[in-house]
Amino acid sequence: MLDVCDEVRAEIGDDEADRLLAGAHAPDAYDCTSCRAPGDSLREATSTVLFIGDETAVLAFAHARCIPSQVVPVAEEQLLGAVRSISQAQGGIGAPAPSAYAPEPVHAAHAGYPAPAHAYPGVPAPAPAPAPAPQQYAPADPGAQPAVLGVTCGLVLCGDTPYAALVVEPTGPIARPGSGSAEDEFLSLLTDHGFQLVGSVDRVPVRPLTGWSVLMAMGQLHAILQPSAAGGSTAWWQAHQPLQVTDAWRSSVSRRSEVIMYAVPAGTIGRQPREDLLRIALDRAAGQGILAAGMLPLAGT
């Protein structure tokens, strides 16, 4: 009951894809790389998810109900960090099977463990992607330091329904590129891309923004992606290191495969230690007409 999409097949090769579908290398049991719950490839539809770095490719498995089979680009250092965690987890007898295998030569030491995923060190690495858009943006005040985007994760009630949300707030006013203006145009830049000003947090964005998405990999938040002029997607915001999210937040994303992204001007929300305080700050911003929102689909896991 395994699904290998065309993109994954193209990366791992027809022979390996056929062996997976025949059950030669596919695990009977695995931990879903999206929701982390146990899965059974013999009894439930299962997706293959290939994480690709510059030199490493790691194949993981997920419930088909959580995410479809796909290729997920991930920074090489993040994959290597996962590999190191896997090696440490399997260092002792009885260590639980991880959701990904380390690449050669590391995984040779793991013989005998029921591997729910495999690395393909022989898979040709894709051409290096362009460097993601930096997290620094031109400040509205030319003499100020570049603004940095801060991202907060939290659950937000829209009516009676909890939604996974991201709140994006720059550290300073952001000018339109090349304008030389001292005016903060952060929200207008986003509304140019389809985000909408909302007067109430209870209002759910109607449909996902075309080309935008939230990249999760191995249960952690990695990036917010935007459409690329060359086609495909590029990073609009990327975490310096993968962000841990709560089980409730990840569960909401897994159920809906979408995240509400809110954006506010600098100095609107700040650091809120609790979700109820975050909601109060969001309601205040909505009432002032300075809260933009968009529904972003989930990319990856």
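The structure reproduced in this document is the subject of the present report. A quick note: this is a predicted structure, and the numbers were derived from the prediction, not measured.

### Concerning the side chain of Thr46
- Assignment of secondary structure puts Thr46 in strand S4 (residues 46–52).
- Dropping the residues within four chain positions of it, Thr46 is found in contact with Met1, Leu2, Asp3, Tyr30, Asp40, Ser41, Phe61, Ala62 and Ala64.

### Structural notes on unusual backbone geometry
- Positive phi is not limited to glycine here, since Ser257 has a value of about 55°.
- Tracing the backbone through its elements, the reader meets Ser257 in the loop between helix H5 (247–256) and strand S15 (258–263).
- Classification of Ser257 by relative accessible area gives partly exposed; the value is 30%.

### Considerations on the nonpolar core
- The biggest cluster of nonpolar side chains holds 59 residues, and the ones touching the most others in it are Phe186, Ile224, Trp236 and Met261.
- Element by element, the count of residues in this core is highest for strand S5 (residues 57–63), at five residues.
- Ignoring sequence-local partners within four residues, the contact set of Phe186 consists of Leu149, Val168, Pro170, Ile174, Trp236, Ala263 and Val264.
- Counting 19 residues, the second largest nonpolar core, distinct from the first, contains Val167, Ile260, Val264 and Ala293.

### Let's talk about helix H2 (residues 14–21)
- Within the span of H2, buried status applies to Glu16, Ala17 and Leu20. Projected onto a plane normal to the axis of H2, the buried residues spread over an arc of 100° and lie on a single side.
- If you follow the buried residues of H2, they end up packed against strand S1 (2–3), helix H1 (6–12) and S5.
- Trailing H2 by a residue or two, Gly23 shows a phi angle of about 90°, which is positive.

Here is what the cut-offs are and how they apply
- Residues numbered from 1 in each chain as written.
- Predicted model: local features only at pLDDT ≥ 70, side-chain atom pairs only at ≥ 80, totals over all residues.
- Heavy atoms only, no water.
- Helix = DSSP H or I, 4+ residues; strand = E, 2+ residues; numbered from the N terminus.
- Contact = heavy atoms within 4.5 Å.
- Buried < 20%, exposed > 50% of the residue type's maximum accessible area, 1.4 Å probe, protein only.
- Core = buried A, V, L, I, M, F, W, Y, C linked by side-chain atoms within 4.5 Å.
- Arc of directions from axis to C-beta.

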